[in-house]
Amino acid sequence: MATTITEPPPARYAPDTAARGRRGGRLGSRDRTFGFLLAAPAMALFLVVAVYPLVASIGTSLYDQSLMRPDRTYVGFANYADIWPDFVDRLGNTLVFSVMSTVCPVLIGVALAMLLNSRLKGRNILRGMLMLPWLLPGVVVSFLWAWIFNDSYGVLNHVLSVLHLPTVDVLGHPGTAMAAVVAAKTWNSFPWIMVVVLAVLQTLPREQLEAAALDGASRAQRFLHVSLPHLIGPVALVSMLEFIYNFGSFDMIFVMTGGGPGTSTMTLAVSLYEYAFTDFALGKAAAMGVLWLAALSVVCGGYFLLNKKLESRS
C-alpha cells in the first residue's frame, strides 16, 4: 500500500521576523532612553557639584583675582610660578604627614586585630571601647588632643610636672608639632583599620592554623606564613585609602597648629585655605588647588593600579 506524504498546511499567521527585529529595536531604544532619563538627575548633579567647580577653578587659576575687588586680570601661568616654591614645601609636609598618619594606625590596627582575634577574656567589650575614637568627629578629636598637648594647662605637662620632669611645648616647637598631629590622627584612625583586619582574620581557615600549630610552628611563624599572606591584599588597599584621605586632611592640622609653628605643619590643604581666606588671593588658591589635584591624581592612580593587580591575583 502506497504511503501518501502530505505537506503541512501553510501557517495562517507567519511570524514577521523583520517586524519583530524592528519592534525589538524600538524596545531597545526605549530602554536606553528610559535608562538615560533615570541617570540624568545624577549626571546633572555630578556636573554641577564636581565638573563645573573644577573647570571654574582651572579658569580662576589663570587670573589675578581677589575677594577684595570685583575685577580680575588675566595673568596666564604667573600664579603657578609664584606659588611653585610654596607648593614644593607644602607637598613635602603633606607627604610626611600622610605617610606617618598611615603607617602608625596600620601597625596599631593590625596588632590590636591580632590581639582581639585571640581567645582574650573580655574581647567583645574591648572591641566596642576601641571603636570610640573612630566615632568622634575630627574637630572634636583635634580639640581633645590640643588640650592634652597644651603647654599651660594640658594633661601631658601636668603629668610631667607631677613626675618632677621638665614640661614641653609640643605644639609650639617645629620638631614636635608634626608628631603631635600624627599622634592625634593615629588615635582617630586606627579603629577602622583594626575592624577591617579583624574581619579578614576571622575568615582565615582554622584548619591551616591548627595544622601549623601541630607541626610545631610558633605564633610568630603562624602569623608570617599563614595569616600574613591573607592580610597583605586587604591591608594594602586599606593603607592606600587611608593615605589618600590623609593627603587631603585639613581639620585636624588646622585646629591643632594652624600650619605652624612657622610652616612646619603647613600642608597643601591648609596652604590653600590661607591663600583663599587669609590673603584673599583666589587666583593663587585656585592654582594651588589645581596642583594639589594633579598630585592627588597620581596617588589615586596608584590605588587603582594596586586594586587591579590584587584583583588579577584573586
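Residues numbered from 1 in each chain as written. Predicted model: local features only at pLDDT ≥ 70, side-chain atom pairs only at ≥ 80, totals over all residues. Heavy atoms only, no water.

## Considerations on the confidence of the model for the chain
Next up, step 1: For the chain, the average pLDDT comes to 85, and 90% of its residues sit at 70 or higher.
Next up, step 2: Low pLDDT, under 50, characterises residues 13-25; the stretch is placed with two contacts to residues that sit more than four places away or in other chains. (pLDDT = per-residue confidence, 0-100. Contact = heavy atoms within 4.5 Å.)

## So, the packing of aromatic side chains
Next up, step 1: For the structure shown, the criterion picks out 10 aromatic pairs.
Next up, step 2: Of the aromatic side chains, those joined through ring pairs into one cluster are Phe250, Phe254, Tyr273 and Phe277.
Next up, step 3: Residue placement shows Arg72 over the ring face of Tyr63; its charged tip is 3.9 Å from the ring centre. (Phe/Tyr/Trp six-rings, centres within 6.5 Å; stacked < 30°, edge-to-face > 60°. Lys NZ or Arg CZ within 6 Å of the ring centre and 35° of its normal.)

## Quick notes on the pattern of salt bridges
Next up, step 1: Here the structure, examined in full by the defined rule, presents three salt bridges.
Next up, step 2: With its nearest N and O atoms 2.9 Å apart, the salt bridge here joins Arg90 to Asp89.
Next up, step 3: On the basis of relative accessibility, which here comes to 34%, the residue Asp89 falls in the partly exposed class. (Salt bridge = Lys/Arg side-chain N within 4 Å of Asp/Glu carboxyl O. Buried < 20%, exposed > 50% of the residue type's maximum accessible area, 1.4 Å probe, protein only.)

## Considering helix H9 (residues 219-247)
Next up, step 1: For H9, built from 29 residues, the straight-helix expectation of 42 Å at 1.5 Å per residue is missed by more than 12%, its first-to-last C-alpha distance being only 36 Å.
Next up, step 2: Residue Leu228 marks the point of greatest curvature in H9, where the axis turns by about 55°; the proline Pro229 follows within four residues.
Next up, step 3: Looking at H9, one finds that the buried residues are Val226, Ser227, Leu231, Gly233, Val235, Val238, Ser239, Glu242, Phe243, Ile244, Asn246 and Phe247. (Helix = DSSP H or I, 4+ residues; strand = E, 2+ residues; numbered from the N terminus. Expected span 1.5 Å × (residues − 1). Bend = angle between axes of the 7 residues up to and from the residue.)

## Structural notes on a nonpolar patch on the surface
Next up, step 1: Together, Trp147, Tyr153, Val155, Val159, Val162, Leu163 and Leu165 make up an exposed nonpolar region whose accessible area comes to about 680 Å².
Next up, step 2: Tracing the chain through its elements places Tyr153 in the loop between helix H5 (138-148) and helix H6 (155-162).
Next up, step 3: According to the relative accessible area criterion, Tyr153 is exposed, its value standing at 57%. (Patch = residues over 30% accessible without salt bridge, like charges linked within 9 Å, V, L, I, M, F, W, Y side chains within 5 Å. Areas by Shrake-Rupley, 256 points an atom, 1.4 Å probe, with all protein chains shown as cover.)

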